[in-house]
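# What the coordinates show
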Amino acid sequence: MRIDIITIFPNMFSAVLDESIIKRAQQKDKVAIFIHDLRCYSLDKHHKVDDRPFGGGSGMVMQAGPIFRAVQAIKRKFKGRAKVILLSPQGKSFTQSYAKKLSKCSNLIFICGHYEGVDERVRQYLADEEISIGDYVLTGGELPAMVLVDSIVRLIPGVLGDKNSLNFESFEGNLLEYPQYSRPAKFRRWSVPEILVSGAHDKISAWRKSEAFKRTRQRRPDLLKKIG
Ligand code: SAM
């Protein structure tokens, strides 16, 4: 997979991309991630990429020109189709199944907005999808882009060491994951459930399933409705 991110704050990304699993995924050539400074695609001598909104109002709007030029230049770098994603609080809500769908794409291009957002023509004529990471407003699309990269890249086959860790995690089959414990078996006054140290794998598996249902019923009954 190849991911290109267009931003006016390229330095924000190293903390996430140069650490841990995402770093290793790049080292293992599972993903190649490129950060593009939008200002390089400005024709303005001061590298301006925003302007006042037509019709008045507060704040600035990111102009269409630099964003269109950046996407066109990126698309010329490889063969095949790329999905262009605009990060926006008005977009479709991002979910685990959305991450799964995107993890099967070969090329993704993320556009990070700022200020009051981006010129509507980017949404209408350039972006294939518009994605929100939740019903709240952030100052820019960089954190949402990092959230998407992290959740998508870990789903690429071979990125996580143990593929079982993907099979049993939260949101798989619309369930939250069962409670997890590690050593020591007794910490202060609290012991781990006895079944987990019994070595009886069938019983452990049944216990985990029932805990997953219990937990989902308590915390996210909306998910259970999707199971039917
Ligand atoms: N004025 C816009 C509105 O009310 O819809 C909000 C603009 S926001 C301050 C600036 C940029 O941050 C957006 O263009 C988008 O790229 C990003 N952003 C903010 N919140 C987001 C969210 N929940 N999901 C995805 N992107 C978000």
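Residues numbered from 1 in each chain as written. Predicted model: local features only at pLDDT ≥ 70, side-chain atom pairs only at ≥ 80, totals over all residues. Heavy atoms only, no water.

### With respect to the environment of serine 170
Going by this rule: Under the scheme used here, helices are H or I runs from DSSP no shorter than 4 residues and strands are E runs no shorter than 2 residues, and both carry numbers assigned from the N terminus. Counting of polar contacts relies on pairs of N or O atoms within 3.5 Å, with two restrictions inside protein: one atom must be capable of donating a hydrogen and the other of accepting it, and residues adjacent in sequence are counted only when both atoms are side-chain atoms.
Mapped onto the elements of the fold, serine 170 is located in the loop between helix H7 (164–167) and strand E8 (186–187). The spacing of serine 170 and phenylalanine 187 is 17 residues in sequence and 25 Å in space, taken between C-alpha atoms. A distance of 3.0 Å separates the side chain of serine 170 from the backbone nitrogen of glutamate 177, its partner in a polar contact.

### With respect to the domain arrangement of the protein
Reports often express the size of an interface as the amount of accessible area lost when the parts come together. So the rule is basically this: Where a domain begins and ends is set by an automatic assignment or by a domain database.
The domain boundaries assigned to the protein delineate domain 1 (2–153) and domain 2 (169–227). Computed over C-alpha atoms, the centres of domain 1 and domain 2 are 37 Å apart.

### Looking at unusual backbone geometry
A cis geometry characterises the amide bond from arginine 183 onward to proline 184, with omega recorded as 5°. Its location among the elements puts proline 184 in the loop between H7 and E8. Its identity is not glycine, yet serine 20 carries a phi of approximately 55°, on the positive side. With respect to the helices, strands and loops of the structure, serine 20 is situated in helix H2 (residues 20–27).

### Side note on the nonpolar core
Going by this rule: Throughout, nonpolar core names a set of buried Ala, Val, Leu, Ile, Met, Phe, Trp, Tyr and Cys residues whose side chains join them through atoms within 4.5 Å. For each residue, the accessible area found with a 1.4 Å probe, counting protein chains only, is set against the maximum for its type, and the residue is called buried under 20%, exposed over 50%, and partly exposed in between. Contacts: residue pairs with any heavy atoms within 4.5 Å of one another.
Of all hydrophobic cores here, the largest spans 30 residues; its most connected members are Ile3, Ile5, Leu102, Phe110, Leu148, Val149 and Val153. Looking at this core, the elements with two or more residues in it are strand E1 (2–7), H2, strand E5 (83–93), helix H4 (96–102), strand E6 (107–111) and helix H6 (142–153). By residue number, the principal contributor to this core is H6, which donates six residues. Sequence-distant contacts of isoleucine 5, defined by excluding residues within four places in its chain, comprise Phe13, Ile33, Phe34, Ile35, His36, Phe110, Cys112, Ala145 and Val149. Among the nonpolar cores identified, the runner-up in size contains 22 residues, and Ile6, Ile74, Leu86 and Val122 belong to it.

### So, the pairing of E1
Successive side chains on a regular strand alternate, one facing one side of the sheet and the next facing the other. Heads up, the condition is: Two strands are counted as paired when DSSP detects at least two bridges linking them.
The buried fraction of E1 amounts to six of the six residues, a majority that puts the element mostly inside the structure. Where burial is concerned, the two faces of E1 agree: the one with Arg2, Asp4 and Ile6 and the one with Ile3, Ile5 and Thr7 are both buried. Pairing geometry for E1 and E6, over five bridges, is parallel. Within E6, the position partnered with aspartate 4 by the bridge is isoleucine 109.

### Quick look at the side chain of serine 132
Structurally, the position occupied by serine 132 is in strand E7 (residues 129–132). Residues in contact with serine 132, not counting those within four places in the same chain, are Ser88, Pro89, Gly91, Lys92, Ser93 and Phe94.

### Side note on the packing of aromatic side chains
When we look at a pair of aromatic rings, we describe it by the centre distance and by the angle of the planes. Worth spelling out the cut-off: Only Phe, Tyr and Trp rings take part, Trp by its six-membered ring, and two of them pair if their centres are within 6.5 Å. Stacked means planes under 30 degrees apart, edge-to-face means over 60, and tilted covers everything else.
Under the criterion given, the structure shown has two aromatic pairs. When the centroid spacing of 5.8 Å and the interplanar angle of 40° are considered together, the rings of phenylalanine 94 and tyrosine 98 count as tilted. According to the relative accessible area criterion, phenylalanine 94 is buried, its value standing at 18%. Geometrically, the ring pair formed by phenylalanine 187 and tryptophan 190 is tilted, given 6.0 Å between the ring centres and 45° between the ring planes. Taking relative accessible area as the criterion, phenylalanine 187 reaches 46% and is therefore assigned partly exposed. For tryptophan 190, a relative accessible area of 46% corresponds to the partly exposed category.

### Considering the site of the ligand
Under the convention used in this document: Throughout, the term near means that a residue has one or more heavy atoms lying within 4 Å of the molecule or strand in question. The protein chains shown are the only cover counted for residues, whose accessible areas, like all others here, come from Shrake-Rupley with a 1.4 Å probe. Using a 1 Å grid laid over the protein atoms alone, points where a 1.4 Å probe fits but cannot get out form a cavity; open sets with protein on both sides within 12 Å along at least 5 of 7 lines form a pocket; any residue with an atom within 4 Å of a point counts as lining. Assignment to a cavity or pocket requires that more than half of a molecule's atoms be within 2 Å of the site's grid points. Any residue that is not Ala, Val, Leu, Ile, Met, Phe, Trp, Tyr, Cys, Pro, Asp, Glu, Lys or Arg is counted as polar, Gly included; the first ten are nonpolar and the last four charged.
Taken together, 20 residues lie near the ligand, and Leu87, Gln90, Gly113, Glu116 and Tyr136 sit nearest. Contact distances for the ligand include 2.9 Å between an oxygen atom and a backbone N or O atom of glycine 113. Here the ligand, which alone exposes 590 Å², has 84% of that area covered by the protein. Assessed atom by atom at 2 Å from the grid points, the ligand resides in the largest pocket. Counting residues per element, the ones that place at least two in the shell around the ligand are E5 and E7. For the shell around the ligand, the element with the most residues is E5, which contributes four residues. Its residues placed into classes, the shell around the ligand shows nine nonpolar, ten polar and one charged.

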